[in-house]
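Descriptive analysis of the structure
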Amino acid sequence: MGDDSEWMKLPIDQKCEHKIWKARLNGYEEALKLFQKIEDEKSPEWGKYLGLIKRFVTDSNAVAQLKGLEAALAFIENAHVAGKTTGEVVSGVVSKVFNQPKARAKELGADICLMYIEIEKAEVVQDELIKGLDNKNPKIVVACIDTLRKALCEFGSKIITLKPVVKVLPKLFESREKAVRDEAKLLAVEIYRWIRDALRAPLQNINSVQLKELEEEWVKLPTAAPKQTRFLRSQQDLKAKFEQQQAAGGDEADGDDDEVEAAPVDPYELLEAVEILSKLPKDFYEKIEAKKWQERKEALEAVEALTKNPKLENGDYGDLVRALKKVIGKDANVMLVAMAAKCLASLAAGLRKKFGTYAGHVVPTILEKFKEKKPQVVQALQEAIDAVFLTTTLQNISEDVLSVMDNKNPSIKQQASLFLARSFRHCTPSTLPKSVLKPFCAAFLKQVNDSAPEVRDAAFEALGTAMKVVGEKAVNPFLTDIDKLKLDKIKECADKVELVGKKGGGGGEKKEKPAAKAPPPVEAPAKTSGPLKKAAPAKAAGAPKKGKPASAPSAKSKKASDTKEIVETELSTEVCEEKAAAVLPASCMQLLDSGNWKERLASMEEFQRAVEQMDKSEMPCQALVKMLAKKPGWKETNFQVMQMKLHIVGLIAQKGSFSKTSALVVLDGLVDKIGDVKCGSNSKEALTAIGEACSLPWIAEQVVSMAFTQKNPKNQAETLNWLANAMKEFGFAGINVKAFINNVKTALGATNPAVRTSAITLLGVMYLYMGAPLRMFFEDEKPALLSQIDAEFEKMQGQSPPAPIRGTKKTVAEEGDAAEEEEVDGGAGAGDIMDLLPRTDISDKITSDMVSKISDKNWKIRKEGLDEVAAVISEAKFIQANIGELPMALKDRLNDSNKLLVQQTLNILQQIATAMGPSLKQHVRNLGIPVITVLGDSKSNVRAAALSTLNAWVEQTGMKEWLEGEDLSEELKKENPFLRQEMLGWLAEKLPTLHTVPADLMQCVPPLYACLEDRSGDVRKKAQDALPTFMMHLGYEKMTKATGKLKPASKDQVVGMLEKARAVMPAKPAAPAKAAASKTPASSTPASKPASAPARNQSPSEDFSEPEPKPDTKKAKPAGPAAKKGVVGKKPPVKAAAKDEEDKSGPIFILVPNGKEQRIKEEKTLKILKWNFITPRDEYVEQLKTQMSTCLAKWLQDELFHFDFQRHVKAIGAMIEHMEAECEAAIGCLDLILKWFTLRFFDTNTSVLMKALEFLKLLFTMLSRKNYQLNDYEASSFVPYLILKVGESKDVVRKDVRAILTMLCKVYAASKVFPFLMEGTKSKNSKQRSECLEELGCLIENFSMNVCQPTPGKALKEIAVHIGDRDTAVRNAALNTVVAAYNACGDQVFKLIGNLSEKEMSMLEERIKRSAKKTPAASAKQERPPREHPTNPNATFLRKPAQEEVPNKLSQARAQNAHLEQSTPSIPKEFQLDLDVFENNHTCASDIPDLVQHKLDEVLEPVMIPERKMRSVSPHFDDIHNSTASTINFVISQVASGDINTSIQALAQIDEVLRQADKAEAMSGHIDQFLIATFMQLRLIYNTHMADDRLDKKDIFKLYSCIIGNMLSLFSMESLAREASMGVLKDLMHGLITLMLDSRVEDIEDGQQLIRSVNLLVVRVLEKSDQTNILSALLVLLQDSLISTAGSPMFSELVMKCLWRMIRFLPQTINSINLDRILLDVHNFMKVFPKEKLKQLKSDVPHRTLKTLLHTLCRLTGAKILDHMSMIENRNESELEAHLRRVVKHSANLSGLKTDKNTEKGALRSDDKLIKAKVSDILSEIFKKIGSKENTKEGLTELYEYKQKYSDADLEPFLRNTSQFFQSYVERGLRMIESEREGKGRIQTSTVIPQHSTESYLPSSSTVPISSNGEDMNAAAYYERLKILRQRRGLENSTPEEERPPLSSLRPSVASSTDMLHSKLSQLKESREHFQQEQSHSHSPTRSSSPASNLDDLKKRLERIKSNRQ
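Reading the values: rules and limits
Residues numbered from 1 in each chain as written. Predicted model: local features only at pLDDT ≥ 70, side-chain atom pairs only at ≥ 80, totals over all residues. Heavy atoms only, no water. Helix = DSSP H or I, 4+ residues; strand = E, 2+ residues; numbered from the N terminus. Contact = heavy atoms within 4.5 Å. pLDDT = per-residue confidence, 0-100. Expected span 1.5 Å × (residues − 1). Buried < 20%, exposed > 50% of the residue type's maximum accessible area, 1.4 Å probe, protein only. Arc of directions from axis to C-beta. Polar contact = N/O pair within 3.5 Å; in protein donor to acceptor, adjacent residues only side chain to side chain. Axes fitted to C-alpha atoms, helices over the stretch in contact; angles between N-to-C directions. Parallel < 35°, antiparallel > 145°, perpendicular 65-115°, else oblique. Left-handed = near helix turned anticlockwise from the far one by under 90°. Nonpolar A, V, L, I, M, F, W, Y, C, P; charged D, E, K, R; others polar. Salt bridge = Lys/Arg side-chain N within 4 Å of Asp/Glu carboxyl O. Core = buried A, V, L, I, M, F, W, Y, C linked by side-chain atoms within 4.5 Å. Phe/Tyr/Trp six-rings, centres within 6.5 Å; stacked < 30°, edge-to-face > 60°. Patch = residues over 30% accessible without salt bridge, like charges linked within 9 Å, V, L, I, M, F, W, Y side chains within 5 Å. Areas by Shrake-Rupley, 256 points an atom, 1.4 Å probe, with all protein chains shown as cover. Lys, Arg positive; Asp, Glu negative; His and termini not counted. Charge placed at Lys NZ, Arg CZ, Asp CG, Glu CD. Disulfide = S-S within 2.5 Å.

A few words on the overall build of the protein. The helix and strand tally for the protein stands at 108 helices and zero strands. Considering only intrachain contacts with a sequence separation of at least 6, the fraction spanning at least 24 residues in the protein is 76%.

Written out as structure tokens, the structure is:
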């Protein structure tokens, strides 16, 4: 008992494995109770027993084992994890339970097996049971068989796979144990119950007695189909349905249930394939060629024995087939022919679809052999061809059959027709479309008139069978010429025919059968959706047949009457006169040939009246037209009479029964008058009327041939014009293209241009109908003519031919019929056009010698053979389908060891595709599929060639042929990564374009799943991409079901991928004919579209197709799910929608007190998973789902965790709506909300991501307003994942993420955000690294060095590492971040960053130097020295405004709560604000500086370090904005978009503004901004779009056109054009000239026209721009182009041409030019290119250009030119001044000018006097300013600067006459400026800027040194910009002279135009989505490096702001 007490204390699981059996027994009992108690199937308790269950069932103690089995059964039934134990437990049951003597144990063992099947583990159980059948213990075998039988009985043949069971049955019947045989018999009976006769074939070889017993048992079985009685867990809906039926009595719902049942099993599928190729006798191929027939017979007998196997293994049967074919075709012994035919039949039957490859080779041979009379041979051949037919399609062999239909031998014709009759029985209306039937019917119609009765009978039978299959209505149009007797015979044959589908025949039936036979609907859903879908419309179209029986005969009678008229006999003139006299007035007859034209006219009028009143039946058309032709007839000289005549011909043709005989009477006359100016239109009308009466194809042929027998070119041209128009009106049906081609060629060669033009126009119309093949006829024409034809074709491209409005009128039934034909036939129209092309039969040119060359051992000879083949094909152009032995020879070459030959073969196959056209279909099996194999080649160029060949083939054949059969799946099974990835990529591209696919596509799914787990990452990716495209055709359910055969681990993974694929599954392309019923007219089709709209909204493609999807999707989305539910649940959608509404009322966020604290606690104690992962695993999602269930409304949680991404978008929308109202509850579950959004960051769907970011921006705005601070728990589970998205490739996402990071710093300490960003810099994603570094730079910029964690030293060392990064963007970002640190802490940064390599240190020093040069002066009110706030144009890290389309909610929140944002930290930078940023940025709240409040005196004060102050948004901030300006800003920002369509739309909007004079002024102030965006787009096109082959060049051309159109509009308005600044004009001219020189533009269609437009634009820019700016821009551009060695010499030439043009207009424009600036530009040019250097250039044109410019200026201004050199420093050293003096002197000497001072000798050259006069002027100007109240400070500053520069200047004369007070004021002012500057100089470092440096273009101003390379300027330039801004904004008075932007403002934009462009581009990109709202960003010091480039814009906006503030 002591022992007992010990184990009694143990836990249950330990008892279960105790060594004492009683302990185990007790453990099992307790476990059983426990298992029955646990309600949660996912309870962790189950996990304890996972490893013990096998012990439960294999316990060595029988008593304990029994209890263990019961416990195990309970465990399997209730535990979620039970499936993991299947294999080991079932194996244990088989080996340790089924051998037990106790029946109860066996019963429990079987129950356990069945329970495993119920929990979806049928395959594992079945495998273990089948293994058990090999056990030596018969008890175990019996039990296994019994369990299998029970499983089949209960679950049915759908769940239990019968093939492996049937395979082992014969072996069981051979067992020595009677019990085993008896049990096997019961199992066989059960299997028969499910699959019926399919079981007979596999059991045919068992003992005859046993078979007889089985037969007896089988007969006793009920005929009703068995039903599943036990269901899987996933089939609970079926279970419920079954139980309802049982309760209701079981019978009523039988019909419904049948549809769910499996399709009848094909016995072929149950058989094992036998491999026979290796078993062929070794000498078979020698024997089959032997001379003795006995040896050949032996060889055939061996093959016959092998092919008797009903299922053969796939392999290369090519040689065997060729050998058999040779016997059939050439063997003289008919007995051997019959044997070979039988072998072929068996081979086809055994291989089925796999034989399709060889079908095309053997069919022609068999058909030819039907000439044999011997019945046994004929019968063998019939069996062979019938078996072959079942392996292929009728379309593939149609060419071969048609070729023998007019054979001379009646036997061949008869057997071919009989073969077709038999084949038709296997067809359905969908597999026998009219395109296939039409040529057959034409052949049959010839045969029904054949002299041989057997041929006629065979044709009747074939036609009758066709009529039976497709319906009388479909065949009748082809039988119009047949008499009633024959038609009745055909109908009689049709009645006798029994289609294969209705016989319920054997295994050879085709898969399309179920669609044809209505009775068993069972097969359709399971087998294939393809044929069913095709068949359905056909049935719908067939329905009216019963309702309108008269329609077909009426059509027939009309056609019949037409044919009678065609053969109308020609009447003599006397008879015609008699007939005409009977219907025409006598006076009319008499005056017809009168000599007086008036009488003839009167006669015509009577004639017309008579014709108008005549009835159709009594109108003798031929007689009447002959009367009209009576003398003078068509030679009538009076045009009025002639017009009447022609009009009457038209009337007769319209009203009467007009025959071709009558037409021939008048046609000659009509053609003769068609070119007549007065009568031409009447003639054309008459011809059209005759066309309607006699058919256009016939009349067209007649008219064209008549016109070209004449020599009148006018007639020829007008005939062609008429024909072109007639084709549009009548349509193209029946037109004989070949008949026209020669005449059209004649016309193209005509000397008269009108004839050539008409011919080209006609070709254009024909191209509409025929497409590209038409061009093939004219490839031999001259290039010039061919280019005209191509241009015409190009015009027509993309247009669809108009619907015919004339021609024979169809009855309603015929229209329906036509619609049906169109629908069933698919692209038959295209095929018909291709059929018109004259095709050459090249089979006789493919000689055996050529074929043997291709197969030679020497590669050179093989190449020679291939060259010959290529030559034959290219010579023939268009070829027939018969290419002899070539396919097999080319197939071998695709595996050639020489890759060059493989590529050559692929090129030949491409040639064949183009040349053969649609007939290529029959070669898909034998030549197309081997091309796919080449996709597995290791060389990429070979794979690329194979892919292009494949696409060329598919273009001709369509995809259907490729997807049918097993070939594709077999290829996919090959474990070749190249083959798999190429093939999957190809399928992913092609499948979305198909409306339907063959059911065989399902066979590709298992290998597709294998590819999902392939070792190669590329294969896996391609497989994942292909999943949605497979799913769109096969459906999610089918594909999920197919995962049943995968291993458990694989299955889970694949099912997850299927879920994802389901979310992005593309919608099927809509098939227009199938969308509406076939009879529905086109107008009603749109009406049917709304019905499908909700479903379509579910597809992700919507997101990309709609430019602005937001409003639409919001409306459509609620309807989408509702509609879906309605369909699935078969309930009205309205109710579903109402139910949704009820569910969704009430709050969505539920406040759980202390819920968040509890979650934090649980995570800390590791009770739940810590939110930390690389990719989210299922357990994280499940955990979050559980946690959220208490905090969110049930319906919202369902939406949030739904697999469909659209539900996520909907859920986020709901959260946005409720967030404000339920903010407390939302904050309560903030951690969970943020965690859910981190999951969305791992989704690939952009629309969800954008919606998520929109929500997060609103959320953080709300949190900031509530002064909420994130805790570390919330931040650590969100921020790292947000930072992942900062590296997103899409700009718009990155901008949003950065905006959120900005907001984050308001609700979470920046110093805590810093470490997350540092972690982000370690990413492999370079974009993420660079963005994180930029963010770090912003943090340092805005929060100083204290933000760096853990210490500034450690942080900067890590950041500095990235200076050496491979990626340029990362390097720049790292450099800029270190520069930000340098600006914050100075030289100390060099200690902090540690050791850098010499290269990296030099980069850093250079960047610091550049940033110092570019830093503008800081305000006196700044808190720290100005160096801490640089504005660095290169500093890409400086935060740009993250602008987006801010939702109304966000703007409302901001407007309402602006007063709460007073505490937002910001750093005031009054003079560093960029107004674009300022006006557009809402992400951060910052007040605009109140400019009015600045005291001007402060500017002169020494710099004091001010106190830190905060700024916030004024409550009236929104009032300041001008909506027009912001709209224009937004539209302009879109001009630079990378998306072509976005850019075009933006340009169109701007163009609309520019074209309306009243609106154009709105663009004022935005010109520079617009031009920058425009030339950025030009640069983007040049560098990116033009190089991208995927983009359509038409789109690029359209974009170019829009840009140039806009520019032309802009530069036609002088007021706007003059706003363009110099820097912008320089870049614009650079862009336009580059475009003119781009050779790629010429390749675009109309490229020349584009270049002409650019030329015009350049002229317009030169004329209309500000002349100073454009001249300055051209000089700088010339300088840059001469410096650059990389550029084209043509570039400099074009710039100089522009300069010459400007020089030519100087006399008119000289007064508007600022000569000081121009001369400064020339001076700078001459510094870079002194005279000597200029002369060294290859061309002397630059030197001549410069000289001409200066000479012209001197000529126009004379000596005054020297007064305009005030901007040049050290002018005495300037080469320019010396040059000007020489020119002035020279011109003075020439003109004999006198000096101003009346001194004749060189007073002009006296420098002293000139300088004195100038000094006087300058100082006068300065003292004027000092004296004025507004400009006093500016005057003092200029005076100080002047004194500094000219220290010896004498001020006494100017101060003498002023008061003492004024003199002391001036002295005091100068001292203050001096002390201020000295103090400033002591403080400033290299980055500091002098507070006052006065520069303007006053003569006295100091000048700006510009380095010779044009890169940098000194810091004074930037202060100058600041000063100018102050002047412009009214802070200081501005003189009229200063209206032009000063040089110092313009110079930087030239010197660093790239920097300016980058900066401006950033602003443009960031404002991409900004609309309706504008944002301000307090801590963004970023600005354009050239504010002057947008100066006028700044001026206007600042003035507006000032006025609004007042």
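Further notes follow.
A few words on the confidence of the model for the protein. Predicted confidence across the protein gives a mean pLDDT of 74, with 76% of residues reaching 70 or more. No element of the protein has a lower mean pLDDT than helix α30 (residues 523–527), at 35, and none a higher one than helix α57 (residues 1005–1012), at 91.

Another aspect to go through is unusual backbone geometry. That bond from Gln1349 to Pro1350 is cis: its omega, -5°, falls within 30 degrees of zero. Looking at the secondary structure, you find Pro1350 in the loop between α77 (1326–1343) and α78 (1352–1361). Unlike most non-glycine residues, Ser695 shows phi in positive territory, near 85°. Considering the arrangement of structural elements, one finds Ser695 in the loop between α40 (680–694) and α41 (696–709).

Here we come to helix α45 (residues 783–796). End to end, α45 covers 20 Å across 14 residues, agreeing with the expected 20 Å (1.5 Å per residue, within 8%). Those residues of α45 that sit buried are Leu785, Leu786, Ile789, Glu792, Phe793 and Met796. Angular distribution of buried residues about the axis of α45 spans 120°; they occupy a single face of the element. Opposite the buried face of α45, at more than 90 degrees from it, the exposed residues are Pro783, Ala784 and Lys795. At the exit of α45 stands Gly798, carrying a positive phi of roughly 85°.

On to the environment of Thr1029. Structurally, Thr1029 is set in helix α58 (residues 1017–1034). Judged by relative accessible area, Thr1029 falls into the buried class, the value being 5%. Thr1029 sits 41 residues away from Ala988 along the chain, and the two C-alpha atoms are 5.9 Å apart. Among all residues touching Thr1029, those that are not within four sequence positions of it are Leu987, Ala988, Leu991, Pro992 and Pro1066. A distance of 2.6 Å separates a polar atom in the side chain of Thr1029 from the backbone oxygen of Ala1026.

As a further point, take the packing of helix α20 (residues 356–369) against helix α21 (residues 375–389). The N-to-C vectors of α20 and α21 enclose an angle of 155°; their axes lie 10 Å apart at closest approach. In terms of orientation, α20 lies roughly antiparallel with respect to α21. Taken as a pair, α20 and α21 cross one another with a handedness that is left-handed. Of α21, the residues touching α20 (which contributes Ala359, Val362, Val363, Ile366, Leu367 and Lys369) are Leu381, Ala384, Ile385 and Val388. Tallied by class, the residues present in the contact of α20 with α21 amount to nine nonpolar, no polar and one charged.

Right, let's talk about the pattern of salt bridges for a bit. All told, the structure shown has 67 salt bridges when counted by the stated rule. Here Glu107 and Arg104 are joined by a salt bridge, their closest N and O atoms 3.6 Å apart. With Glu107 and Arg104 both in helix α7 (residues 103–118) and three residues apart, the pair spans about one turn of that helix. The exposure class of Glu107 is partly exposed, given its relative accessible area of 41%. Overall, the relative accessible area of 37% leaves Arg104 in the partly exposed class. For Lys491, the salt bridge identified is with Glu472, shortest N-O distance 3.4 Å. Of this pair, Lys491 sits in helix α27 (residues 484–496) while Glu472 sits in helix α26 (residues 472–475), placing them 19 residues apart in sequence. Taking the relative accessible area as the measure of exposure, Lys491 reaches 28% and is therefore partly exposed. With relative accessibility at 32%, the residue Glu472 sits in the partly exposed group. Residues joined by salt bridges that share partners form a network here, namely Asp1291, Arg1294, Arg1298, Glu1331, Glu1334 and Glu1335.

This brings us to the packing of helix α91 (residues 1622–1637) against helix α95 (residues 1689–1704). Between α91 and α95, whose axes approach to 10 Å, the crossing angle comes to 125°. The angle between α91 and α95 places the two elements in the oblique class. Helix-helix and strand crossings are classified by hand; for α91 and α95 the assignment is right-handed. For the pair formed by α91 and α95, the contact residues are Met1629, His1630, Ile1633, Thr1634 and Leu1637 on the first element and Met1690, Phe1691, Leu1694, Val1695 and Cys1698 on the second. The residue inventory of the contact of α91 with α95, partitioned by class, reads eight nonpolar, two polar and no charged.

Among the nonpolar cores identified, the biggest contains 103 residues, and Met1215, Phe1255, Leu1256, Phe1260, Leu1263, Leu1270 and Phe1314 are the most heavily contacted of them. For this core, the element with the most residues is helix α72 (residues 1246–1265), which contributes 12 residues. Residues within four places of Leu1263 in sequence aside, it is in contact with Ile1227, Leu1230, Tyr1268, Leu1270 and Val1307. Counting 100 residues, the second largest nonpolar core, distinct from the first, contains Ile1540, Ile1596, Met1629 and Leu1720.

Before going further, it helps to examine the packing of aromatic side chains. Tallying each qualifying case throughout the model produces 28 aromatic pairs. Centre to centre, the rings of Tyr28 and Phe56 are 4.8 Å apart; their planes meet at 50°, and the pair counts as tilted. With Tyr28 in helix α3 (residues 21–37) and Phe56 in helix α4 (residues 53–57), the pair connects residues that are 28 residues apart, well separated along the chain. Residue class for Tyr28 comes out buried when judged on its relative accessible area of 0%. Ring geometry for Phe284 against Tyr285: centres 5.0 Å apart, planes inclined by 75°, an arrangement best described as edge-to-face. The class of Tyr285 is partly exposed, set by a relative accessible area of 35%.

In this section: a positive patch on the surface. Taken together, Lys1731, Lys1735, Lys1747 and Arg1782 make up a surface patch of like positive charges. Mapped onto the elements, Lys1747 comes out in helix α99 (residues 1741–1757). Relative accessible area serves as the criterion here: at 37%, Lys1747 is assigned to the partly exposed category.

The subject of this paragraph is helix α88 (residues 1567–1585). Here α88 spans 25 Å end to end across 19 residues, near enough to the 27 Å set by a 1.5 Å rise per residue. Within α88, 14 of the 19 residues are buried, which leaves the element mostly enclosed by the surrounding structure.

Below, the discussion takes up the state of the cysteines. One pass over the structure, following the stated rule, counts zero disulfides. We note that Cys1011 lacks a disulfide partner, and the nearest cysteine sulfur, in Cys1004, lies 9.9 Å from it.

Turning to the side chain of Glu190, a few remarks are in order. Its location among the elements puts Glu190 in helix α11 (residues 178–195). Given the relative accessible area of 9%, Glu190 is considered buried. Residues within four places of Glu190 in sequence aside, it is in contact with Arg149, Leu152 and Cys153.

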